[in-house]
Amino acid sequence: GTFALVPQIVDTVSIPVIAAGAISDHRGLVAALALGASAVQIGTALLRTPQALTKPYHRHALDAASSDDHNSNSTGNTVLTNVFTGRPARSIRNHAIDYLGGPLNPDAPPFPTAVTAYKTLRDHNSPALPQHTHSLWSGQAAAVVPQPYSDAGHLIQLIGSAASSYLASALEDRG
């Protein structure tokens, strides 16, 4: 994952490294910086802010993931899947993934053919049940995000402030 790769990349390249994946709170930020990243990219946590154009059914699935992501029977269970695009991407598991042959289907059409084929199938069969038929992109850290945030800027400020406090406390304890 991210935290195994960041130090390897930092040691290999001479340009700034931006860590992405499983970073949704101050702990992920601090860990990535401690491993040598110059910055981080936050994904799933930002999907839960009003500035994201996340559909209501997707927000509901993210909320479920944040409350019970470790329950394998829940819709919050994330998997790598290629059935929506033809390339692996992480999604909250739903009926479409299972119906189309499981998370990583070796018979899935290649990109970009899979996108068009899936969109046609999705739009024709179940427009009334999007939570079961649409891709629900989400990272593994969905369960770490405790609540939807009122503002993306506020979320970033909270993460930065908590990281600063954590680091100041850690340095003080070592003092």
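Residue positions within a chain follow its written sequence, with the count starting from 1. Local features in a predicted model are, by the rule used here, given only for residues with pLDDT of at least 70; side-chain atom pairs are given and counted only at 80 or more, and totals for whole chains, interfaces and linings are based on all residues. Side-chain figures throughout are based on the complete set of non-hydrogen atoms in the structure, without hydrogens or water.

Engineer: Mind showing me how you'd approach the overall build of the protein here?
Structural biologist: Counting from the N terminus, the helices are the DSSP runs of H or I reaching at least four residues and the strands are the DSSP runs of E reaching at least two. A count of helical and extended segments in the protein gives eight helices and four strands. Moving toward the C terminus, one meets the helices and strands of the protein in the order α-β-α-β-α-α-β-β-α-α-α-α. In this scheme, a residue with accessible area under 20% of its type's maximum is buried, one over 50% is exposed, and one in between is partly exposed, where area comes from a 1.4 Å probe on protein chains only. Within the protein, buried positions represent 35% of all 175 residues. The method behind every accessible area is Shrake-Rupley, applied with a 1.4 Å probe, and residues are considered shielded solely by the protein chains displayed. About 10200 Å² of surface is accessible on the protein, with carbon and sulfur atoms providing 58% of the total.

Engineer: Help me out: how do you make sense of helix α8 (residues 152-174) in this one?
Structural biologist: What sets the pattern is the α-helix's 3.6 residues per turn: residues three or four places apart point alike. Expected helix span is computed as 1.5 Å times (number of residues minus one). When the terminal C-alpha atoms of α8 are compared, their 33 Å separation across 23 residues agrees well with the 33 Å that a helix rising 1.5 Å per residue should span. Turning to α8, its buried residues are Ala152, Leu155, Ile159 and Ala163. It only takes one pair of heavy atoms within 4.5 Å for two residues to be counted as in contact. If you follow the buried residues of α8, they end up packed against α2 (26-34) and α3 (44-47). Definition of a polar contact: a pair of N or O atoms within 3.5 Å, with one able to donate and the other able to accept a hydrogen when the atoms are protein atoms, and with sequence-neighbouring residues admitted only if both atoms are side-chain atoms. Between a side-chain oxygen at the N-terminus of α8 and the backbone nitrogen of glycine 153 the separation is 2.9 Å; the capping residue is aspartate 151.

Engineer: Is there a simple way to think about the packing of α2 against α8 in this case?
Structural biologist: Each pair of packed helices can be summarised by the angle the axes make with each other and by the distance between the axes. Here, axes are lines fitted to C-alpha atoms. For helices the fit covers the stretch in contact, and angles between N-to-C directions go from 0 to 180 degrees. The geometry of α2 relative to α8 is characterised by a closest axis approach of 8 Å and an angle of 60° between their N-to-C directions. Overall, the two elements α2 and α8 adopt an arrangement that is oblique. The way α2 lies across α8 gives a crossing that is right-handed. Where α2 abuts α8, its residues His26, Leu29 and Val30 lie against Ile159, Gly160, Ala162, Ala163, Tyr166 and Leu167. For this classification, the nonpolar set comprises Ala, Val, Leu, Ile, Met, Phe, Trp, Tyr, Cys and Pro, the charged set comprises Asp, Glu, Lys and Arg, and every other residue, Gly included, is treated as polar. Partitioned by chemical class, the residues of the contact of α2 with α8 number seven nonpolar, two polar and no charged. Working rule for angles: under 35 degrees goes down as roughly parallel, over 145 as roughly antiparallel, 65 to 115 as roughly perpendicular, anything else as oblique. By the definition used in this description, the sense in which the near helix is turned from the far one sets the handedness, with an anticlockwise turn below a right angle giving left-handed and a clockwise turn giving right-handed.

Engineer: Help me out: how do you make sense of the pattern of salt bridges in this one?
Structural biologist: When their charged atoms lie close together, side chains carrying opposite charge are able to pair. Basic side-chain nitrogens of Lys or Arg form a salt bridge, by our definition, when they fall within 4 Å of a carboxyl oxygen of Asp or Glu. On inspection of all chains with the given rule, the structure shows three salt bridges. Of the charged contacts in the structure, one is a salt bridge between aspartate 25 and arginine 27, with a shortest N-O distance of 2.5 Å. When its relative accessible area of 51% is taken as the criterion, arginine 27 is described as exposed. Of the charged contacts, one joins arginine 93 and aspartate 98 as a salt bridge, the two residues approaching to 2.7 Å between their closest N and O atoms. Given a relative accessible area of 42%, aspartate 98 falls into the partly exposed group.

Engineer: What exactly am I supposed to notice about the layout of surface pockets here?
Structural biologist: If a probe the size of a water molecule is rolled over the atoms, the empty space left behind becomes visible. Grid points spaced at 1 Å and placed over the protein atoms alone form the basis of the search, with a cavity being a set where a 1.4 Å probe fits but cannot get out and a pocket an open set showing protein on both sides within 12 Å along at least five of seven lines. Lining residues have an atom within 4 Å of a point. Grid points are joined across faces, edges and corners, and a volume is the space filled by probe spheres set on the points. Roughly 210 Å³ of volume is contained in the largest pocket. If you trace the largest pocket, you find it lined by Lys55, Tyr57, His58, Phe84, Thr85, Val115, Tyr118, Lys119, Arg122, His134, Ser135 and Trp137. Among the elements of the structure, α4 (56-68) and α6 (113-125) are those that each provide at least two residues to the lining of the largest pocket. When residues of the lining of the largest pocket are assigned to their parent elements, the largest contribution, four residues, is made by α6. Partitioned by chemical class, the residues of the lining of the largest pocket number five nonpolar, four polar and three charged.

Engineer: It is not clear to me how the packing of aromatic side chains should be interpreted in this structure. Could you clarify?
Structural biologist: Geometry of an aromatic ring pair is reported as the spacing of the ring centres plus the angle between the planes. Stacked, edge-to-face and tilted labels apply to pairs of Phe, Tyr and Trp rings (six-membered ring for Trp) whose centres lie within 6.5 Å, assigned for plane angles under 30 degrees, over 60, and everything in between, in that order. All chains considered together, the criterion is met by two aromatic pairs. Measuring from ring centre to ring centre gives 5.7 Å for phenylalanine 84 and tryptophan 137, while their planes differ by 90°; the resulting arrangement is edge-to-face. Taken together, the residues phenylalanine 84 in the loop between β3 (78-81) and β4 (89-92) and tryptophan 137 in the loop between α7 (130-133) and α8 connect sequence positions 53 residues apart. Since its relative accessible area comes to 3%, phenylalanine 84 is described here as buried. Relative accessible area serves as the criterion here: at 30%, tryptophan 137 is assigned to the partly exposed category. One aromatic cluster is present, built from ring pairs that chain together Phe84, Tyr118 and Trp137.

Engineer: Honestly, the nonpolar core in this entry has me stumped. Any pointers?
Structural biologist: The tendency in soluble globular proteins is for nonpolar side chains to be buried side by side. What is meant by a nonpolar core is a set of buried Ala, Val, Leu, Ile, Met, Phe, Trp, Tyr and Cys residues, joined one to another through side-chain atoms within 4.5 Å. Core analysis: the largest hydrophobic core is formed by 13 residues, its most contacted members being Ala19, Ile23, Ala32, Ala37, Ile42, Leu155 and Ile159. Within the residue set of this core, elements represented by two or more residues are α2 and α8. Apart from the residues within four sequence positions on either side, isoleucine 23 is in contact with Phe3, Gly28, Leu29, Ala32, Val40, Gln41, Ile42, Gly43 and Ala141.

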